[in-house]
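# Commentary on secondary and tertiary structure
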Amino acid sequence: QVHLVESGGGLVQTGGSLRLSCAASGGTFSDYTMAWFRQAPGKEREFVAAIRWSFDGTFYGDPAKGRFTIARDNAKNTVYLQMYRLKPEDTAVYYCAAGVPEGIITTTGNYDYWGQGTQVTVSA
């Protein structure tokens, strides 16, 4: 029933910015953790950032620290990933995920629902 739809990906030059959106529907998210992962060709899916739906609590993977910000809009059931100072290394498909992980939040297996992904391409 839960459905996640990402949007906002595209092509940007090195140093530019993008804001990704994840629209959530079909469930109650008060106890959920929402997260962004990314996957580049030939690489494992990588944790980017996470946020608790019901209160402020954010977590960032190493590539995101200092450059990306995760935020939520409860009224719109939407989670955002604001990305600054993008690098070619950030090129990947970015996925939105939702779940109630009781363990480490950086593990893909701890999330129950996934979006289809949105492509981010950063040119040199």
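Quick look at the structure, then. Treat the numbers as computed from the prediction; the structure is a model and nothing was measured.

## Quick word on the overall build of the protein
When helices and strands are counted, the protein shows zero helices and eleven strands. In the protein, the order of α-helices and β-strands from amino to carboxyl end is β-β-β-β-β-β-β-β-β-β-β. Its C-alpha atoms give the protein a radius of gyration of 13 Å, near enough to 14 Å, the size a compact globule of 124 residues would have. In terms of overall dimensions, the protein has a C-alpha envelope of 40 × 30 × 25 Å along the principal axes. Residues counted as buried form 44% of the 124 residues belonging to the protein. Look at the contacts in the protein between residues 6 or more apart in sequence, and 55% of them connect residues 24 or more apart. On the protein, roughly 6300 Å² of surface is accessible, and the fraction owed to carbon and sulfur atoms is 48%. Once the 11 positive and 11 negative side-chain charges of the protein are each reduced to a mean point, those two points are 7 Å apart.

## Comments concerning the nonpolar core
Membership of the largest hydrophobic core comes to 29 residues, with the highest contact counts inside it found for Met 34, Trp 36, Leu 81, Met 83 and Tyr 94. Every element with two or more residues in this core is listed here: strand 3 (18–25), strand 4 (33–39), strand 5 (46–52), strand 7 (68–73), strand 8 (78–83), strand 9 (92–99) and strand 11 (118–123). Setting aside anything within four residues of it in sequence, one finds Tyr 94 in contact with Glu 6, Leu 20, Trp 36, Phe 37, Arg 38, Val 48, Phe 68, Leu 81, Met 83, Gly 117, Thr 118 and Val 120.

## Digging into the state of the cysteines
According to the stated counting rule, one finds one disulfide in the structure shown. Residue Cys 22 pairs covalently with Cys 96 via a disulfide, S to S 2.0 Å. The disulfide joining Cys 22 to Cys 96 has a torsion of about -80 degrees about its S-S bond and is therefore left-handed. Of this pair, Cys 22 sits in strand 3 while Cys 96 sits in strand 9, and the two are 74 residues apart along the sequence. Owing to a relative accessible area of 0%, Cys 22 belongs among the buried residues under this scheme. On the basis of relative accessibility, which here comes to 0%, the residue Cys 96 falls in the buried class.

What counts, and at which threshold
Residues numbered from 1 in each chain as written. Predicted model: local features only at pLDDT ≥ 70, side-chain atom pairs only at ≥ 80, totals over all residues. Heavy atoms only, no water. Helix = DSSP H or I, 4+ residues; strand = E, 2+ residues; numbered from the N terminus. Rg over C-alpha atoms; globule rule 2.2 N^0.38 Å. Buried < 20%, exposed > 50% of the residue type's maximum accessible area, 1.4 Å probe, protein only. Contact = heavy atoms within 4.5 Å. Areas by Shrake-Rupley, 256 points an atom, 1.4 Å probe, with all protein chains shown as cover. Lys, Arg positive; Asp, Glu negative; His and termini not counted. Charge placed at Lys NZ, Arg CZ, Asp CG, Glu CD. Core = buried A, V, L, I, M, F, W, Y, C linked by side-chain atoms within 4.5 Å. Disulfide = S-S within 2.5 Å.

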